[in-house]
Amino acid sequence: MEALTNRVKVMERKPMTFVEKIYLWNIMKGMMITLKHFFKKKATIKYPEQKRPFSPVWRGLQILNRDEEGRERCTACGLCAVACPAEAITMEAAEREPGEENLYREEKYAAKYEINMLRCIFCGLCEEACPKDAIYLSETFTPSNYTRESFIYNKSDLLIPDPKTDPQGFAKARGNRAKKEEV
Ligand code: SF4
Ligand code: SF4
């Protein structure tokens, strides 16, 4: 067949030696590489049984905070929604009624609080804007799901456990917060 250019390099095909023909040396070379990696520190882990530690500044799923008495800290001021560049936060404010002091810390609270996780870019601006330490980004991933609606998280999805009913869950959630504050 005629070459298309004059830059063709004709390769000389040398006959294989006996050692090359039985591939023993190449097999040994391959095994050496395998053996070398066998004793190296593994780059992978057995997820989900094992989990990597998160960076202290990791920004994951948002959490709505409670105080030590279990009262919701959010006062529905709307600063987080204003700060959010993705317009992912919506809320409706309500006045605290007499007798609800054990539920809500401030006189005004968020009757409805929603974050659209499909919009959120996990920038952390909502956390920075909040004057009441009511929202922060935790060490949790947003779980995968099949419908768009399931990515709209409401207040019950976001609130941390009540210390009166689940002290361990509350302490764990607060522990994550404390780790971030140390950085
Ligand atoms: S992390 Fe950023 S994008 Fe997500 S809700 Fe907060 S401010 Fe909006
Ligand atoms: S989370 Fe914070 S910034 Fe957002 S409405 Fe509640 S108190 Fe205001």
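If you're wondering where the values come from, they're calculated on a predicted model, not measured in any experiment.

Calculation rules
- Residues numbered from 1 in each chain as written.
- Chains lettered and ligands numbered in written order.
- Predicted model: local features only at pLDDT ≥ 70, side-chain atom pairs only at ≥ 80, totals over all residues.
- Helix = DSSP H or I, 4+ residues; strand = E, 2+ residues; numbered from the N terminus.
- Buried ≥ 20, exposed ≤ 12 C-beta atoms within 10 Å, placed from the backbone.
- Contact = placed C-beta atoms within 7 Å.
- Near = placed C-beta within 6 Å.
- Nonpolar A, V, L, I, M, F, W, Y, C, P; charged D, E, K, R; others polar.
- Pairing = 2+ DSSP bridges.
- Core = buried A, V, L, I, M, F, W, Y, C linked by C-beta atoms within 7 Å.
- pLDDT = per-residue confidence, 0-100.
- Expected span 1.5 Å × (residues − 1).

Comments concerning the overall build of the protein chain
Counting secondary structure elements, the protein chain contains six helices and five strands. Seen in sequence order, the protein chain has helices and strands lined up from the N terminus as α-α-β-α-β-β-α-β-β-α-α. For the protein chain, the spread of C-alpha atoms along the principal axes amounts to about 95 × 45 × 30 Å. Here the protein chain holds 183 residues, and 16% of them are scored as buried. Within the protein chain, contacts between residues at least 6 apart in sequence are counted, and of these 73% link residues at least 24 apart.

Section: the site of ligand 1
Near ligand 1 there are 14 residues, and of these Cys84, Cys120, Cys123, Leu125 and Cys126 occur at the shortest range. Here the shell around ligand 1 is built from residues that sort into 13 nonpolar, one polar and no charged.

Section: the sheet that holds strand S2 (residues 89-95)
One open sheet holds the three strands; their spatial order is S2-S3-S5, and the pairing between them is antiparallel. Of all strands in the sheet, those with a lone pairing partner are S2 and strand S5 (152-153), marking the two edges. Note that S2 and strand S3 (residues 108-116) share seven bridges and pair antiparallel. If you follow threonine 90 over to S3, its bridge partner there is glutamate 114.

Details of the nonpolar core
Side chains of a nonpolar character, in soluble globular proteins, are inclined to be buried together. Counting residues in hydrophobic clusters, the biggest one holds 22 residues, and the most contacted among them are Leu64, Cys74, Cys80, Ile89, Cys126 and Ile135. When contributions to this core are tallied by element, the ones reaching two or more residues are strand S1 (62-64), S3 and strand S4 (135-137). Looking at this core element by element, the count peaks at four residues for S3. Beyond its immediate sequence surroundings of up to four residues, cysteine 80 is in contact with Ile89, Cys126, Ala129, Cys130 and Ile135.

Thoughts on the site of ligand 2
The immediate surroundings of ligand 2 are formed by 14 residues, with Cys74, Cys77, Leu79, Cys80 and Cys130 found nearest. Grouping the constituent residues of the shell around ligand 2 by class yields 11 nonpolar, two polar and one charged.

So, the confidence of the model for the protein chain
Per-chain confidence: the protein chain averages 90 in pLDDT, with 93% of residues scoring 70 or above. When mean pLDDT is compared element by element in the protein chain, helix H3 (residues 79-83) scores highest at 97, while helix H6 (residues 167-182) scores lowest at 75.

Some points on helix H2 (residues 24-38)
Each full turn of the α-helix corresponds to 3.6 residues, which orients residues three or four apart in the same direction. Taking 1.5 Å as the rise per residue, H2 with 15 residues should run 21 Å; its terminal C-alpha atoms sit 21 Å apart, in good agreement. Of all 15 residues in H2, zero are buried; the element is thus mostly exposed.

A short note on unusual backbone geometry
Of note, the amide linkage connecting tyrosine 47 to proline 48 takes the cis form, showing an omega dihedral of 10°. Within the element layout of this structure, proline 48 appears in the loop between H2 and S1. Backbone geometry at glutamate 87 places phi at a positive 50°, although glycine is not the residue there. With respect to the element layout, glutamate 87 can be found in the loop between H3 and S2. Residue classification places glutamate 87 among the exposed residues on the basis of 11 C-beta atoms within 10 Å.

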